[in-house]
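Breakdown of the fold
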Amino acid sequence: MVDRTQQRTAGEEDPQTLIGYYRQMALIRRFELTADQMYKRAKIGGYCHLNLGEEASVVGLMTALQPRDYLFTNYRDHGYALARGMSTGAVMAELFGKSTGVSKGRGGSMHMFDTETRMLGGYGIVGGQLPPATGAALALTYRSAPGPDAEVVMCQMGDGTTNIGAFHESLNLASVWNLPIVYVIINNGLGMATTVDAAAGEPELYKRGCSYRIPGERVDGNDVVAVRDAANRALERARHERQPFLLELMSSRLRGHSVVDPAQYRSREDVEEAQAADPVPAFRQQLVASGVLEESVARQIDNEAREEVEAAVAFADASPDPTPDQLFDYAYATPVANAPDTLPGQPVIGMP
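Here's a quick rundown of the structure. It should be emphasised that the depicted structure is a prediction, and the values quoted were computed from it without experimental measurement.

Analysis parameters
- Residues numbered from 1 in each chain as written.
- Predicted model: local features only at pLDDT ≥ 70, side-chain atom pairs only at ≥ 80, totals over all residues.
- Heavy atoms only, no water.
- 1 Å grid on protein atoms, 1.4 Å probe; cavity = no way out; pocket = protein on both sides within 12 Å on 5 of 7 lines; lining within 4 Å.
- Points joined across faces, edges and corners; volume = space filled by probe spheres on them.
- Helix = DSSP H or I, 4+ residues; strand = E, 2+ residues; numbered from the N terminus.
- Nonpolar A, V, L, I, M, F, W, Y, C, P; charged D, E, K, R; others polar.
- Salt bridge = Lys/Arg side-chain N within 4 Å of Asp/Glu carboxyl O.
- Buried < 20%, exposed > 50% of the residue type's maximum accessible area, 1.4 Å probe, protein only.

Details of the layout of surface pockets
The probe, sized like a water molecule, is rolled over the atoms to show the empty space still left. Within this model, the second largest pocket holds a volume of roughly 330 Å³. As for the second largest pocket, its lining consists of 26 residues, of which D159, G160, L190, G191 and M192 are closest to the centre. Mapped onto the lining of the second largest pocket, the elements with two or more residues apiece are β5 (153-158), β7 (190-191), β8 (194-195) and α7 (196-199). Of the residues contributing to the lining of the second largest pocket, the split by class is nine nonpolar, 13 polar and four charged.

Notes on the pattern of salt bridges
On inspection of all chains with the given rule, the structure shows 21 salt bridges. Between E217 and R233 there is a salt bridge whose closest N-O contact spans 2.6 Å. Pair noted here: E217 is in strand β9 (residues 216-220) and R233 is in helix α8 (residues 224-241), with a separation of 16 residues, a long-range link. The class of E217 is buried, set by a relative accessible area of 4%. Residue class for R233 comes out partly exposed when judged on its relative accessible area of 37%. Here E236 and R239 are joined by a salt bridge, their closest N and O atoms 3.2 Å apart. Of this pair, E236 and R239 both sit in helix α8, three residues apart, which is roughly one turn of that helix. On the basis of relative accessible area, E236 is assigned to the partly exposed category, the value being 33%. You can call R239 buried: its relative accessible area is 2%. Taken together, the shared-partner salt bridges in this structure form one network comprising E13, R228 and D229.

Okay, structure coming up:
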């Protein structure tokens, strides 16, 4: 077990790579701020959970994940969809419930799904992603041998998920079956409104893998390079040795649990500490101070992110809603005999 919460970006990094990380983080930040506004304007229905404050973790993880690998996340999934390669317009359209969305408007905020980028959800139920992610890792053991070209699974979750039964069941099976999967805990210190210390007998969550002989590591989730490197180590272990890993990223939640949560349970000191650790302006300042990024280029990147998100909103606004006759489309992956096709209000089959 390793704790790297104090590790900071070090060593030689390609400047254009670092600028690329900032570009992704800036886009996710602008997207989430706009999603917050769109929800409050009633353009987004249902629930809406944002990645605000987790941008470094999201980008670091998705940089390490290869295109051939599979991703399962919880309901805080917008940033992952963007970093995984889904178009900004299609992600925003999904939030708007439009037929041009990544899930054809069926999933909304919590259920991003795209087979091309191999992001298989977005799960609205706490811990709901762990069993299917573990099952996908089992399927991969039948498809290819361990090695540099092997596929692996990454399963992301929040800290509260570690108290769900599916967490322990999945980790146990992953260990018993030697599955190529990396479980990632985004620990923002709060399971909705309950602190980790108040809810977990072992608050250092990466240590929970010990019960199943799964190694773990805790890393500073505000350091995009540290997250990338830790994820690379875990993924390569899964890829070459077919061994699971438990990665815990320490991050901060800048807003409430969801858009409508005022977070009155947080102290002023806690909020100020989270704001001080905000990874987006911190990384921007770090790149400017080190000469990697000019201030004018940073402003240009921020403006481009704003313009891209504004275009995504316009695309979503102009996109059509799903129509009633499409209600049963995509209910099954392949045709099923006697599948329902009667719309509400229509007479029951066989009745006059």
